Amino acid sequence: DTSLFTPVAKPHLDSQCLKLVFVGRLIEQKGLIYLLQALKLLPKNITISLDIIGDGDLLASIEEQTSQRENINLLGCKDSQWLSQNLVNYDALVAPFCQASSGAMDTGPIVLKEAMAMAIPVITTDLMGCKEIVTQETGFIVQQKDSIALAQAIESLYAMPIAQRQDMGKQARQHVQANFNATTQAQQLSQWIEEL
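Owing to the predicted nature of the structure, the values given are computational and were not obtained by experimental measurement. (Residues numbered from 1 in each chain as written. Predicted model: local features only at pLDDT ≥ 70, side-chain atom pairs only at ≥ 80, totals over all residues. Heavy atoms only, no water.)

Student: How would you explain the overall build of the protein chain if you had to name every residue and give the values?
Tutor: When helices and strands are tallied, the protein chain shows 8 helices and 6 strands. Rg of the C-alpha trace for the protein chain: 17 Å, near the compact-globule value of 16 Å for 196 residues, within the 12% margin. For the protein chain, the spread of C-alpha atoms along the three principal axes comes to 60 × 40 × 30 Å. Counting every atom, the protein chain has about 10,100 Å² of accessible surface; 49% of that belongs to carbon and sulfur. One way to put it: in the protein chain the 14 positive side-chain charges average out to a point 4 Å from where the 21 negative ones average out. (Helix = DSSP H or I, 4+ residues; strand = E, 2+ residues; numbered from the N terminus. Rg over C-alpha atoms; globule rule 2.2 N^0.38 Å. Areas by Shrake-Rupley, 256 points an atom, 1.4 Å probe, with all protein chains shown as cover. Lys, Arg positive; Asp, Glu negative; His and termini not counted. Charge placed at Lys NZ, Arg CZ, Asp CG, Glu CD.)

Written out as structure tokens, the structure reads:
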């Protein structure tokens, strides 16, 4: 429902620090381990902060991996209202989803649509579902489980002028409104049923 995730005027973001957010359960198929690896690969002159929103089976492991890293904050679980109020504070959502060793994977992550509805660019992977939601105009798509490619996408986003990032976010909002708006989709489904 894009009416619940509407962009507002962005606060003055620090152009010297790229503020990233990860939202999801802390489980294998969310791919957070690859994001943490990617951040280690970034050049030292790139300043990044990452807020991790979520809880799950890998929490203890993630806490251990991030305990000495000042630029990473574990904020715990937050509801959709918190997201609708706070996503505006970030430069991008990073969603490094992958297929777990069990075969489990996300096929249509709502968080991508929520961030894009808030006019936030997205960095995600080439999993089915993700690559149907995100386009080159609205974010970056990299191969799953590829920390190097993920680091390169983050570096590319960092190198963009703020105005270009904001334009990418505007296109993300337009893309979600045109293709994933719940009301529009319900009307289309209703029309198909009536035609049958």
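Picking up where we left off.
Student: Go over the sheet that holds strand β2 (residues 47–53), please, and point to the residues and values.
Tutor: Taken in spatial order, the 6 strands line up as β3-β2-β1-β4-β5-β6 in an open sheet, and their pairing is parallel. In this open sheet, the two edge strands, each paired with only one partner strand, are β3 (72–76) and β6 (139–142). Shown here is a sheet whose adjacent strand axes are inclined to one another by a mean of 20 degrees, direction ignored. In this structure, strand β1 (residues 17–23) lies alongside strand β4 (residues 92–95), joined through 2 bridges in parallel fashion. Directly across from Leu20, in β4, lies its bridge partner Ala92. Relative to β2, helix α1 (residues 32–41) is tilted by about 165 degrees, and along the sheet it contacts β1, β2, β3 and β4. (Pairing = 2+ DSSP bridges. Axes fitted to C-alpha atoms, helices over the stretch in contact; angles between N-to-C directions. Contact = heavy atoms within 4.5 Å.)

Student: Got a sec to walk through empty space enclosed by the protein? Specific residues and values, please.
Tutor: Across all of its chains, the model carries 2 cavities of 30 Å³ or more by this definition. The computed volume of the second largest cavity comes to approximately 30 Å³. Together, Tyr34, Pro96, Thr125, Val142, Gln143, Gln144, Lys145, Asp146 and Leu150 line the second largest cavity. For the lining of the second largest cavity, the class distribution of residues is 4 nonpolar, 3 polar and 2 charged. (1 Å grid on protein atoms, 1.4 Å probe; cavity = no way out; pocket = protein on both sides within 12 Å on 5 of 7 lines; lining within 4 Å. Points joined across faces, edges and corners; volume = space filled by probe spheres on them. Nonpolar A, V, L, I, M, F, W, Y, C, P; charged D, E, K, R; others polar.)

Student: Lay out the pairing of strand β5 (residues 122–125) with the relevant residues and their values.
Tutor: Burial along β5 is two-sided: Val122 and Thr124 and Ile123 and Thr125, pointing in opposite directions, are all buried. Relative to β6, β5 runs parallel, the two sharing 4 bridges. Each residue of the ladder has a partner; that of Val122, found in β6, is Gly139. (Buried < 20%, exposed > 50% of the residue type's maximum accessible area, 1.4 Å probe, protein only.)

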